[in-house]
Amino acid sequence: MVTITNLVLTSILAGLGLGSALPPKIGATNIGHGNGRATLNQVPRPNYRFNGARQVYRTYLKYGVPAPDDLVRAVAHTDALNAAAVKRDTGSAAATPIDPRFDIAYVTPVTIGTPPQTLQLDLDTGSSDLWVFSSHTPASQVRGQQIYSPDKSTTSKLLDGHTWSIRYGDGSGSRGNVYTDNFAIGGIMVETQAVETAEEVSSSFTTEDNIDGLVGLGFSTLNTVSPEGQLTFFDNAKPKLDAPVFTADLKYMKEGTYDFGFIDESKYTGEITYVPVDTDPGYWTFTSSGYGVGSGTFSSSPITGIADTGTSLVYLPTAIVTAYYRQVEGATNSRSYGGYVFPCNSTLPPFVFGIGEAKFTIPPSYMSYAAVTDGSPTCFGGLQSSSGIGINIWGDVALKAAFVVFNGEEPPTIGWANK
Ligand SMILES: Cc1noc(C)c1CN(C)Cc1cc2n(n1)CCN(c1cc(N)ncn1)C2
């Protein structure tokens, strides 16, 4: 509501070329004295950043004098500095193991749509599709999952003619249509996030009632939406984040966190060691500097692999895996159980891996992943061979032994710190 007093004041200030110096709303506590007089209390504009060059520039404008080029450049330079100084968004969200007995995957609460619909999604740096169980998923394929109903959101829009289809390393998969809608994690809101609604999910997702879908945090080049690929939540959120990063602080059989836009120094010890990331074909691919088994000698040999929060275990070259299980009494590579197993009461050595000069230790407890079946005396190893996959994968068993920074600057890097 604009009062006559406000108009008069605004026109005076405009005449002085200071119109935009007005705060968006003159004093929230205007006082009308009822006798044609009023008191207007100025309020500070929270994010206003002084720009002296701009004040000088306005004076040139006011008197109709062309501003010199270096003054124009100074205005732009100061604006850029001010823009960089404005603190932008940061957020934190829980990463909770879907099963209290072992860390097969972690879920994080997200909100989608208006009014917000809350789902528990698996944040996955090893893929780049944000897909959810939805009102379009056949009822026979939904077993307790929370679903997203675009029809109940006033801000959903169908991305007409767009479809998606994804297949994961374990053969599971899903496919469907695409909407855009408001999407938030830890208070970081993206207004037009591509949300891929499942028309079909594979049986392993149907039986996993604690996962309502995935948030791909790989590079957007991996997104499967056709005919136009869509951006990940991180790529959409990056411009509004205080820093173009997200961090993973996953934990052994308990709740950890994903942070967006900042690095929480209370979550790690010592220094963060950053190494380069190869974004081709779209994973967070980096090279470890080597490995060690227990207190044995450290073998300095490059191991290129991906940091994958969506994979439970660690998958490395067979030579490394056999060197590890050679130190485990009764360990065998079991065809029937599909990997390296050992008696659950065996003593396991820790597994050490290098990032640059830094060393990270995966404790024995993480390396004994789970009994092959409930109550069995045989345990499945947290370290398995990558020979059948074709790519080395540093999954949750390794990630939860560290504080990991996914740095989305150009060029991207990945940082590892002990905790
Ligand atoms: C397997 C598995 N992993 O976590 C869970 C949960 C399961 C089993 N669960 C019953 C079903 C399932 C299968 C997958 N997921 N969930 C999560 C995404 N998957 C990935 C992601 C990725 N980056 N790389 C490989 N697969 C495969």
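Our subject is the structure that appears above.
About the criteria used
- Residues numbered from 1 in each chain as written.
- Predicted model: local features only at pLDDT ≥ 70, side-chain atom pairs only at ≥ 80, totals over all residues.
- Heavy atoms only, no water.
- Near = heavy atom within 4 Å.
- Polar contact = N/O pair within 3.5 Å; in protein donor to acceptor, adjacent residues only side chain to side chain.
- Helix = DSSP H or I, 4+ residues; strand = E, 2+ residues; numbered from the N terminus.
- Pairing = 2+ DSSP bridges.
- Axes fitted to C-alpha atoms, helices over the stretch in contact; angles between N-to-C directions.
- Contact = heavy atoms within 4.5 Å.
- Disulfide = S-S within 2.5 Å.
- Buried < 20%, exposed > 50% of the residue type's maximum accessible area, 1.4 Å probe, protein only.

Draft legend 1. Molecular detail of the site of the ligand. Around the ligand, a shell composed of 18 residues is seen, among which D124, D170, E208, D308 and T311 lie nearest. At 3.2 Å, a side-chain N or O of E208 approaches a nitrogen atom of the ligand. Of all the secondary structure elements, the ones that give two or more residues to the shell around the ligand are β5 (117-124) and α4 (203-207).

Draft legend 2. Local environment of the sheet that holds strand β16 (residues 303-307). Spatial strand order, β14-β16-β25-β17-β24: five strands in an open sheet with mixed pairing. Looking at which strands have only one partner, the edges of the open sheet turn out to be β14 (285-288) and β24 (383-385). Across the sheet, the mean angle from the axis of one strand to that of its neighbour is 40°, orientation sign disregarded. Relative to strand β25 (residues 392-394), strand β17 (residues 314-316) is paired through two bridges, and the arrangement is antiparallel. In the strand pairing of β25, Y315 is matched with I393.

Draft legend 3. Representation of the sheet that holds strand β23 (residues 378-381) in the model. Pairing is antiparallel in the open sheet, where four strands are placed in the order β18-β19-β23-β22. Only two strands of the sheet have a single neighbouring strand rather than two, namely β18 (332-334) and β22 (368-371). Here the average twist between neighbouring strands, direction ignored, is 45°. Bridge analysis of β22 against β23 gives three bridges, and the strand direction is antiparallel. In the sheet register, A371 faces β23, and the bridge partner there is C379. Here helix α6 (residues 318-325) sits on the sheet in contact with β19 (339-343) and β23, set at roughly 5° to β19.

Draft legend 4. Here's a closer look at the state of the cysteines. For the coordinates displayed, the defined rule picks out one disulfide. With its sulfur 2.1 Å from that of its partner, C344 forms a disulfide with C379. On the sign convention where negative means left-handed, the S-S torsion of about 105° between C344 and C379 marks this disulfide as right-handed. Of this pair, C344 sits in the loop between β19 and β20 (351-355) while C379 sits in strand β23, and the two are 35 residues apart along the sequence. The class of C379 is buried, set by a relative accessible area of 7%.

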